[in-house]
Amino acid sequence: MKKSLIDYMKTAMLVAFAVLAAFTVQACSDDDEGDSIPVGFCGTYCNNHQNRVYRYYTFYKDGTGEYRMESNVSIHQGYFTYKFKGDKVTCKGYKAGAWDDGSVDEGNIDVTFTYKNGDLVTKDGEVFEKIY
């Protein structure tokens, strides 16, 4: 079975994400931890209100998380650290993606949500509901 360019790109992205994950996890002192994580917060939140585009943020108890975006023409993945301050959740990290035409892109994750009624809301009003 002959591998296509997309297969090679997917393999390269997986290797890049593994290396990125190794460097993303950072230790924090108690001074820069922010507020404590609310009970029940950790898990995966999804925004699927755009046309067949699904964006997921998964939060772990250790202050790290994963980002994933899926559509009919691309897939993106990334890793971030997050902090709570009051009702604000600030996520900072890195993401990369591949498009169905073989092109790739990369960029920073730099988003702040308001944690409201169990959901995450962006400053533009996009709602990410907890799915598990």
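In the block above lies the structure referred to throughout.
Counting its regular elements, the protein chain contains one helix and eight strands. Along the chain direction, N to C, the helices and strands of the protein chain fall in the order α-β-β-β-β-β-β-β-β. Within the protein chain, residue pairs in contact and separated by at least 24 positions form 40% of the contacts whose partners lie at least 6 positions apart. Element-wise, carbon and sulfur atoms account for 54% of the exposed surface of the protein chain, whose accessible area totals about 8,500 Å².

In this section: the pairing of strand β4 (residues 74-85). By the bridge criterion, seven bridges tie strand β3 (residues 64-70) to β4 in an arrangement that is antiparallel. If you follow Met69 over to β4, its bridge partner there is His76. Summarising the sheet, β4 and strand β5 (residues 88-99) pair through twelve bridges and their orientation is antiparallel. Residue Gly78 lies in a different strand from β5, and its bridge partner there is Lys95. If you look at the hairpin formed by β4 and β5, you'll find two residues sitting between the two strands, and Gly86 has a positive phi there, around 65 degrees.

The next point concerns the nonpolar core. Ranked by size, the top nonpolar core spans 17 residues in total, and within it Tyr57, Phe59, Val89, Cys91 and Phe113 carry the most contacts. Listing elements by their share of this core, those giving two or more residues are β2 (53-59), β3, β4, β5 and β6 (104-116). The residues contacting Cys91, other than those within four sequence positions of it, are Phe59, Phe80, Thr81, Tyr82, Ile109, Asp110, Val111 and Phe113.

Conventions we followed
- Residues numbered from 1 in each chain as written.
- Predicted model: local features only at pLDDT ≥ 70, side-chain atom pairs only at ≥ 80, totals over all residues.
- Heavy atoms only, no water.
- Helix = DSSP H or I, 4+ residues; strand = E, 2+ residues; numbered from the N terminus.
- Contact = heavy atoms within 4.5 Å.
- Areas by Shrake-Rupley, 256 points an atom, 1.4 Å probe, with all protein chains shown as cover.
- Pairing = 2+ DSSP bridges.
- Core = buried A, V, L, I, M, F, W, Y, C linked by side-chain atoms within 4.5 Å.
- Buried < 20%, exposed > 50% of the residue type's maximum accessible area, 1.4 Å probe, protein only.

Everything listed here is a matter of coordinates, which is why it stays silent on function.
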